[in-house]
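# An overview of the molecular structure
Each chain is listed here by its residues.
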Amino acid sequence: MSVIPISTVRPIESSKSDDLFIASVSFEPRCLNVSARLKKSEYKARNMLLVRYYGEDNLKNKHQLRLKEILKPYLESPSHEIEPVYFNKYDSSKFTRFLHDLAHKNPSLERITVDISTFTKQYLLLLLRFLRSNYPNAKIRLLYTPGYYMVRQNLTWGIKDITYLPYFGNLDCVELHRNILILLLGYEGERAYAIWKYVEPDLTVAVIGNPPTYHGADLPSRSANRSILEHPNTVVEEVSALDPACTKDLLNRWYRDEKYKDSMVSIAPLGTKMQTVGIYLFFEENNNASRAQIVYAFPLFYNKEKYTLEFDKEIREFYLPHKNNEKVKSVESESQRK
């Protein structure tokens with residue numbers, strides 16, 4: 001379960017097409033990076049799925065057209081069309097029904113590539129759960145383009161709603177003695193503070209991404225969440241921003257600690273997408289972790305024009321482990337991929 005930096009995306013298995021390529025259309029330019037780095041004359045996919053959230057704006061329209069243009073030559077069948085499927089960012093019920101239909105129509109997929117860069121964390125968690133549950137033996141490769149962000153720049157404003165995500169943990173388990181809140185912090189202090197007030201935990205574990213995605217990337221997170229970090233009932237932890245296994249291990253340590261066996265553990269994914277993958281791995285490894293929940297705050301507005309300052313052209317590649325914890329290894333060696 002290692003994270004490997006790559007500059008070119010080749011097929012999961014040499015000389016074989018991927019069965020499915022999944023990406024999302026976004027207002028962020030980095031939604032184009034993985035697709036632009038598919039290896040010409042090598043990469044092919046039998047089917048492609050583009051997820052787009054409702055909301056018409058020029059950036060999304062521009063990136064959608066460009067994605068379709070880039071991806072078209074990589075479809076195994078030139079007659080297939082690539083059209084995005086629209087979903088509500090704030091309501092995932094249609095997405096879960098769509099995934100159910102997708103599994104019914106495609107009962108056997110062996111090689112799946114997902115560009116997770118611009119999925120919302122809610123949709124990413126649901127997607128990972130669906131893929132591994134329906135395709136337990138498939139090689140599932142996740143590709144991630146880290147973004148660069150402007151210091152002291154709000155990414156979102158306001159809180160639309162706070163809820164616990166379905167399908168993860170036990171939402172009815174509310175009679176435990178204590179409640180621990182594990183906040184994987186990012187740059188959205190308002191969302192973190194709203195969750196903190198909503199949960200009213202007995203103990204807060206505030207997690208900073210360190211090592212960060214790039215030098216200094218942890219500093220805005222520390223600044224935006226200072227009131228939580230400095231609270232007397234807060235324990236500050238640090239975990240890699242790019243290695244999902246590190247996030248999984250941190251969650252395991254707190255969840256399995258005998259001192260907190262009578263505590264509910266609420267987990268808030270406000271950090272990187274790779275840390276969110278680690279949250280998924282935690283629930284999978286603990287048979288859905290009956291004493292844990294995922295608490296999620298939906299923002300009212302996104303700062304679309306200044307959300308991502310720039311992005312890292314180098315992609316991070318990570319394979320989901322099989323449920324039996326066997327590591328899935330790519331056919332190509334690391335040296336071939338660099």
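Placed above this text is the structure.
Residues numbered from 1 in each chain as written. Predicted model: local features only at pLDDT ≥ 70, side-chain atom pairs only at ≥ 80, totals over all residues. Heavy atoms only, no water.

The next point concerns the pattern of salt bridges. Scanning the entire structure with this criterion turns up 24 salt bridges. Ionic pairing is found between Asp19 and Arg111, a salt bridge with its closest N-O pair at 3.8 Å. Of this pair, Asp19 sits in strand β2 (residues 18-25) while Arg111 sits in strand β5 (residues 111-115), placing them 92 residues apart in sequence. Arg253 serves as the salt-bridge partner of Glu237, at 2.9 Å between the closest nitrogen and oxygen. Of this pair, Glu237 sits in strand β11 (residues 234-239) while Arg253 sits in helix α8 (residues 244-256), placing them 16 residues apart in sequence. According to the relative accessible area criterion, Glu237 is buried, its value standing at 14%. Members of the salt-bridge network, linked through shared partners, are Asp19, Arg46, Glu76, Glu110 and Arg111. (Salt bridge = Lys/Arg side-chain N within 4 Å of Asp/Glu carboxyl O. Helix = DSSP H or I, 4+ residues; strand = E, 2+ residues; numbered from the N terminus. Buried < 20%, exposed > 50% of the residue type's maximum accessible area, 1.4 Å probe, protein only.)

A word on helix α2 (residues 58-71). Between its first and last C-alpha, α2 extends 20 Å over 14 residues, near the 20 Å set by a 1.5 Å rise per residue. The set of residues buried in α2 consists of Lys60, His63, Gln64, Leu67, Ile70 and Leu71. Looking down the long axis of α2, one finds its buried residues gathered within 135° of arc, a one-sided arrangement. Across from the buried face of α2, at angles greater than 90 degrees, the exposed residues are Asn58, Lys62, Leu65 and Glu69. Looking at the buried positions of α2, the neighbouring elements they touch are β2, α1 (33-36), β3 (45-53) and β4 (85-87). (Expected span 1.5 Å × (residues − 1). Arc of directions from axis to C-beta. Contact = heavy atoms within 4.5 Å.)

Quick look at the sheet that holds β3 now. Taken together, seven strands build an open sheet; the order of strands is β1-β15-β6-β5-β2-β3-β4 and the sheet is mixed. Two strands close off the open sheet at either side, each with one partner strand: β1 (4-6) and β4. For this sheet, the mean inter-axis angle between neighbouring strands, taken without regard to orientation, is 25°. In the sheet, β3 pairs with β4 via three bridges, with the strands oriented parallel. Bridge pairing in β4 links Val51 to Val85. (Pairing = 2+ DSSP bridges. Axes fitted to C-alpha atoms, helices over the stretch in contact; angles between N-to-C directions.)

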